[in-house]
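# Summary of structural features
One letter stands for each residue in the lines below.
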Amino acid sequence: MSEMMTTNPDNIRIREMTIDDFPAVFHIGEDVFTAESFRTLYRTWDEYEVTTFFNSDSELCLVAEAAGTVLGFALGTTVTKHNSPWKYGYLVWLGIRTDIQQGGVGSGLFKEIKNRMKEQGVRMMIIDTSADNLPAVRFFEKHGFGDVQEHVYMSLNLTRKSRKKTVKKP
Ligand SMILES: CC(C)(COP(=O)(O)OP(=O)(O)OC[C@H]1O[C@@H](n2cnc3c(N)ncnc32)[C@H](O)[C@@H]1OP(=O)(O)O)[C@@H](O)C(=O)NCCC(=O)NCCS
């Protein structure tokens, strides 16, 4: 899908994802969830993300389409924590075709998944993204998210040889 596309919000339909949408959703994700921009996330975009979310909670797997073309998608799930009466709604992947970003499609998908989560009894929505992904940070702030929690990601390269400290004998 290389041709440029313009979208009229009136023609956009938000609906549940079906198996026929898998290739389009996967390829949009490949374009927008690049290794560079999502390098610190512990999740990696691959075809199993699409099928796993679809299998676990298909009501929270949505696509936006216009004229039979998938423009973007939202994949989420709900989480209940041990010792917490609250149900959390975790929006894990929200991706919009690069050529139609900032056209309102992400907002449409977000509002629909938020409503669905609310209907499922969710009291708190959660998202995570890299701190330097400013479009996403601004997008979620605009939709009311706050209370940014900082996480520390650490890594250990196991392919490097460890150097043993030798204690010099006097
Ligand atoms: C983040 C994303 C989902 C937003 O979807 P969208 O359809 O472009 O967003 P909308 O048009 O509905 O909303 C626009 C708002 O989003 C924010 N935004 C979106 N793109 C932006 C950009 N390039 N720079 C700054 N703000 C941006 C702004 O708050 C903007 O509001 P404004 O126009 O009043 O400033 C989309 O840009 C995307 O797919 N990004 C790549 C994947 C990603 O980062 N996903 C989120 C984490 S999973």
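Just above sits the structure.
Below or above, wherever it landed, is the structure these notes cover. (Residues numbered from 1 in each chain as written. Predicted model: local features only at pLDDT ≥ 70, side-chain atom pairs only at ≥ 80, totals over all residues.)

## Considering the overall build of the protein
Going by this rule: Strands are runs of DSSP state E lasting at least two residues, helices are runs of H or I lasting at least four, and both sets are numbered from the N terminus onward. Here a residue counts as buried when 20 or more other C-beta atoms sit within 10 Å of its C-beta, as exposed when there are 12 or fewer, and as partly exposed otherwise, the C-beta atoms being derived from the backbone. Throughout, a residue-residue contact means that the two C-beta atoms, derived from backbone geometry, are no farther apart than 7 Å.
Scanning the protein from terminus to terminus reveals four helices and five strands. Each helix and strand of the protein, placed in order from N terminus to C terminus, yields the pattern β-α-α-β-β-β-α-β-α. With 170 residues in all, the protein has 24% of them scored as buried. Taking the contacts inside the protein whose residues are at least 6 apart along the sequence as the reference set, 68% of them involve residues at least 24 apart.

## A word on unusual backbone geometry
If you check the backbone angles, Asn83 has positive phi at about 70° while not being a glycine. Residue position: Asn83 is located in the loop between strand 3 (69–80) and strand 4 (87–96). In this structure, Gln102 is a non-glycine residue whose phi angle is positive, near 65°.

## Looking at the site of the ligand
Operational definition: By definition, a residue lies near a molecule or strand when the C-beta atom built from its backbone is within 6 Å of it. Here the nonpolar group is Ala, Val, Leu, Ile, Met, Phe, Trp, Tyr, Cys and Pro; Asp, Glu, Lys and Arg are the charged ones; every other residue, Gly included, is treated as polar.
As a matter of local geometry, the ligand sits amid 20 residues, with Gln101, Gly106, Ser107, Pro135 and Phe139 nearest to it. For the shell around the ligand, the secondary-structure elements that each account for two or more residues are strand 4, helix 3 (105–119) and helix 4 (134–142). Element by element, the count of residues in the shell around the ligand is highest for helix 4, at six residues. Taken together, the residues that form the shell around the ligand break down as nine nonpolar, nine polar and two charged.

## Section: the sheet that holds strand 5 (residues 124–126)
Test applied: When DSSP finds two or more bridges between two strands, those strands count as paired. As a rule, the C-alpha atoms of each element are fitted with a line to give its axis, helices using only the stretch in contact, and angles between N-to-C directions run from 0 to 180 degrees.
The strand order 1-2-3-4-5 describes an open sheet built from five strands, whose pairing is mixed. Of all the strands in the sheet, just strand 1 (13–16) and strand 5 have a single pairing partner and so form its edges. Here the strands of the sheet are splayed against their neighbours by 25° on average, with no regard to which way each runs. Pairing of strand 4 with strand 5, which is carried by three bridges, proceeds in the parallel orientation. Considered in strand 5, the bridge of Tyr88 is made with Met124. Helix 1 (residues 22–32) rests against strand 2 (61–66), strand 3 and strand 4 of the sheet, and its axis sits at about 85° to strand 3. Packing of helix 3 onto the sheet brings it into contact with strand 1, strand 2, strand 3, strand 4 and strand 5, and relative to strand 3 it is tilted by some 30°.

## As for the pairing of strand 4
Rules: Orienting the strands away from the viewer, one traces the path from the first strand over the helix to the second; a clockwise path indicates a right-handed crossover.
Sheet topology places strand 3 next to strand 4; nine bridges connect them, and they run antiparallel. Following the sheet pairing, Thr80 is matched in strand 4 by Lys87. Between the antiparallel neighbours strand 3 and strand 4 lie six residues, among them Asn83 with a positive phi of about 70°. In terms of handedness, the path from strand 4 via helix 3 over to strand 5 forms a crossover that is right-handed.

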